[in-house]
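# Tertiary structure, described
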Amino acid sequence: MPHKTAGQGELMNRRNFLIQGSTALAGLLLTNSPLRVYADHHEGQKLPPLPYAYDALEPHIDKRTMEIHHGKHHQGYVNKLNAAVARSHDLMHMSLEQMLRNIDKVPKHLRQSVINSGGGHANHTLFWNIMKPGGSEPMGKVAEAIQSTFGSFDAGSEMFVKAAKTHFGSGWAWLVVDENKKLQIYSTSNQDSPLMQGHTPILGLDVWEHAYYLNYQNRRADYVDAWGKIINWEQVNSNYIAAMSG
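Along each chain, residues carry numbers from 1 onward, in the same order as the chain's sequence is written. Two thresholds apply to this predicted model, a pLDDT of at least 70 for residue-level local features and 80 or more for giving and counting side-chain atom pairs, whereas whole-chain, interface and lining totals are computed over all residues. Note that the side-chain values use all heavy atoms of the structure and ignore hydrogens as well as water.

### Re helix H7 (residues 140–150)
Each residue is assigned to one of three classes by its accessible area relative to the maximum for its type, calculated with a 1.4 Å probe on protein chains only: buried under 20%, partly exposed between the two thresholds, exposed over 50%. Secondary structure elements follow DSSP: runs of H or I of four or more residues count as helices, runs of E of two or more count as strands, with numbering from the N terminus. Listed in full, the buried residues belonging to H7 are Gly-140, Val-142, Ala-143, Glu-144, Ala-145, Ile-146 and Phe-150. Where H7 is buried, its residues touch helix H8 (153–166), strand E1 (171–177), strand E2 (183–189) and helix H11 (233–245). One or two steps after H7, the chain reaches Gly-151, where phi turns positive at roughly 95°. Here, residues are in contact when the closest pair of their heavy atoms is within 4.5 Å.

Here it is, written out as structure tokens:
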């Protein structure tokens, strides 16, 4: 389906995705992502490098938060996942995506560790890659799909913003491609991954306090609005296309 050229007013609305409620949503390119890398007997999963400097997302997300979030929290999930995987010969030969999509087959004594730490690793790997300095305009097939699914960019944005701002406690807001190749918006608690439901997450927003508290304190709504300015929509569109063809 060809993408229509938007007028200036429409582009401004889209650009302000979470602030004014106009958007396109998406975000995880599984092809060639760390989720498809098989755990190695000796090295295991690794912390993926950021595609930008720690201070590159300022003022929307500050350098110190990024240093702690990526270097401490995400590294911690990787370390704990590798420790769990090392206790199971079968898990050593599974990719992270396989573990999460087949969570009921993970040994019971390791299942919660894989949910917590494997989910944390997968969720954050997505998160870093759907942001970039300065953000970009919604575009392509994902923009068309959001408008088609939710009726308008405004409606899709409002649903996503509500999921992010009203989720109780720690968790994530998601846009996913479900098992029927349809878009859904919802939130999950803690580090639960949509992969465990058979869905492919294509946009995820971390609403754990460690993602924003140093700069925003208890003002989660301000953090959500600011995050809307740094979404990498080129990646988002690629993620959607990959999820639909996968």
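### Overview of the side chain of His-124
With respect to the helices, strands and loops of the structure, His-124 is situated in helix H6 (residues 108–129). Under the relative-accessibility criterion, His-124 is labelled buried at 0%. Definition of a polar contact: a pair of N or O atoms within 3.5 Å, with one able to donate and the other able to accept a hydrogen when the atoms are protein atoms, and with sequence-neighbouring residues admitted only if both atoms are side-chain atoms. Within the structure, His-124 has its side chain in polar contact with the backbone oxygen of Gly-120 (distance 2.7 Å). If we skip the residues at most four places from it in the chain, His-124 touches His-69, His-74, Tyr-77, Trp-172, Gln-191, Asp-206 and His-210.

### As for the pattern of salt bridges
What counts as a salt bridge is simple: a side-chain nitrogen of Lys or Arg found within 4 Å of a carboxyl oxygen of Asp or Glu. Taken as a whole, this structure holds five salt bridges when the rule is applied. Across the pair Asp-222 and Arg-219 runs a salt bridge whose closest N-O atoms are separated by 3.0 Å.

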